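# Residue-level structural notes
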Amino acid sequence: MRIAVAFLSASFVVSSGAACTGRSTDPDSVEISADAAAPYAKKLESAVPVTDAAAFPVEASVIGTDPATVLLEVPRVAAAFEPTGHFRVQIWASAANTHTLLDANGRGAVPVNEARFLWGAGRLYVFFYAGDLDLQGHTTKHDGPVWDDDSVAFTFGDPDGAKRIVQISISGVVADGICPADAAGLSDTRCDLRWESGVRARTDFDGTLNDIRDRDEEWAVEAAVPLASLGLGSSGAGTRIPFSIRRCEMAHDGPRSCGTWGERPRESGVLVLEGR
C-alpha cells in the first residue's frame, strides 16, 4: 500500500539554510529545511505524479476573516460512506484540505502530515495522512493512553467553553473525552473520558509497529464523527465548528515533533459546513 497520493495537495520548498521563516510565498507550498526533509526525500519522489492538476481539485477554501481565525469550507458528500483507512480518490479528491500541518515555528512540520474533510448524512468525515519512519503503537484498550502512541487528536470547541477531543491511534484505538479549555490534551486528569463520540475509524500503515530495526513509511486514519455527539445542537449547511488538529510523532523513546492546524495561540480553526 502507498498512501503518498496525499502529497498531491502541496509542493515542498526545501531550503538549504539552517532554518526557514514562515510559509512560502506560494500558498500551496510549505518550506522545510533540507536537513529535516532528507529522510523523506525518497517518499516525496515516489508520490503519485500529477500531469493535470485540475484532475485533483483538492484546493481548500481558506479564508482569514481575522488574523487569528482560519476558516476551512467543508464540502458536502452526496451519500454516506464507511471508513476503510484507504485513500479513495473518487471520495477524497474534492475534500477540504489543511495542507501540511505546521510546527511550533510556523514551518511545515516534519514528518509531513495533512488532513482532509467532508461532511454529510449527519457525519463529519476526516482523512488524515502521516509520514513516519518509526511506527509506535502499544495501547489496545478504548480510552487508554493513545497519546503515548503515534496518533492524531481532533479537538472540537464546545459552546460552554470546554472542548471535546477524539484521539485515534495508528492501530485504530480511540480515546475521547470532554476537557477544560486549558487542557493540553486527553492526558490531563481533568478530562472526562466517560463521553463517547461514537466515531467510526479505520487505519492503515506501511511498516512494522514497535520495531526500530526497520525503516517504516507512513500511516493514515479515516474517520466518521457523528455531528450530533459534538454538542452543537442542530447542524447543517452553514454550521461553524471550532476545530483544531494535532499530531505528535512518537519515537521509541518519546515524542519527537508535533504538527498542528487551527490550534491556539497561533490561529483559531473553524470548519464551515457547505451546502453544495
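Residues numbered from 1 in each chain as written. Predicted model: local features only at pLDDT ≥ 70, side-chain atom pairs only at ≥ 80, totals over all residues. Heavy atoms only, no water.

### Re the state of the cysteines
What counts here: To count as a disulfide, a pair of cysteine sulfur atoms needs to be within 2.5 Å. Working definition: helices are DSSP H or I runs of at least four residues, strands are E runs of at least two. Numbering for both runs from the N terminus. When a residue's accessible area, from a 1.4 Å probe over protein chains only, is under 20% of the maximum for its type it is buried; when over 50% it is exposed; and in between it is partly exposed.
Overall, the coordinates contain two disulfides when judged by the stated rule. Covalently, Cys179 is tied to Cys191 through a disulfide, its sulfur atoms 2.1 Å apart. Linking Cys179 and Cys191, the disulfide has an S-S dihedral of approximately 115° and is accordingly described as right-handed. Placement of Cys179 in strand β10 (residues 174-179) and of Cys191 in the loop between β10 and β11 (200-206) is noted, with a sequence separation of 12 residues between them. Residue class for Cys191 comes out buried when judged on its relative accessible area of 10%. Here Cys248 engages in a disulfide with Cys258; their sulfurs sit 2.0 Å apart. One quick way to see it: the torsion about the S-S bond of Cys248 and Cys258 is about 105°, and its sign makes the bridge right-handed. Of this pair, Cys248 sits in strand β13 (residues 240-251) while Cys258 sits in strand β14 (residues 254-261), and the two are 10 residues apart along the sequence. Overall, Cys258 belongs to the partly exposed group, its relative accessible area being 26%. Ordering the disulfide-forming cysteines of the chain by sequence position, one finds them joined as 1-2, 3-4.

### Examining the environment of Val199
Here is the rule: Contacts are assigned to residue pairs that have any heavy atoms within 4.5 Å of one another.
Here Val199 lies in the loop between β10 and β11. Taking the C-alpha atoms as reference points, Val199 and Ala223, separated by 24 residues in sequence, lie 6.7 Å from one another. Residues within four places of Val199 in sequence aside, it is in contact with Val166, Ile168, Val174, Ala223, Ala224, Val225 and Pro226.

### Topic: unusual backbone geometry
With an omega dihedral of 5°, the bond running from Val110 to Pro111 counts as a cis peptide bond. Mapped onto the elements, Pro111 comes out in the loop between β5 (96-97) and β6 (113-120). With an omega of 10°, the peptide bond running from Arg264 to Pro265 counts as cis. As for its position among the elements, Pro265 is in the loop between β14 and β15 (268-273). The phi dihedral of His99 is positive, around 60°, even though this residue is not glycine. You can see His99 is positioned in the loop between β5 and β6. Given the relative accessible area of 9%, His99 is considered buried. One non-glycine residue, Asp143, lies in positive phi territory at about 65°. Mapped onto the elements of the fold, Asp143 is located in the loop between β7 (123-131) and β8 (151-157).

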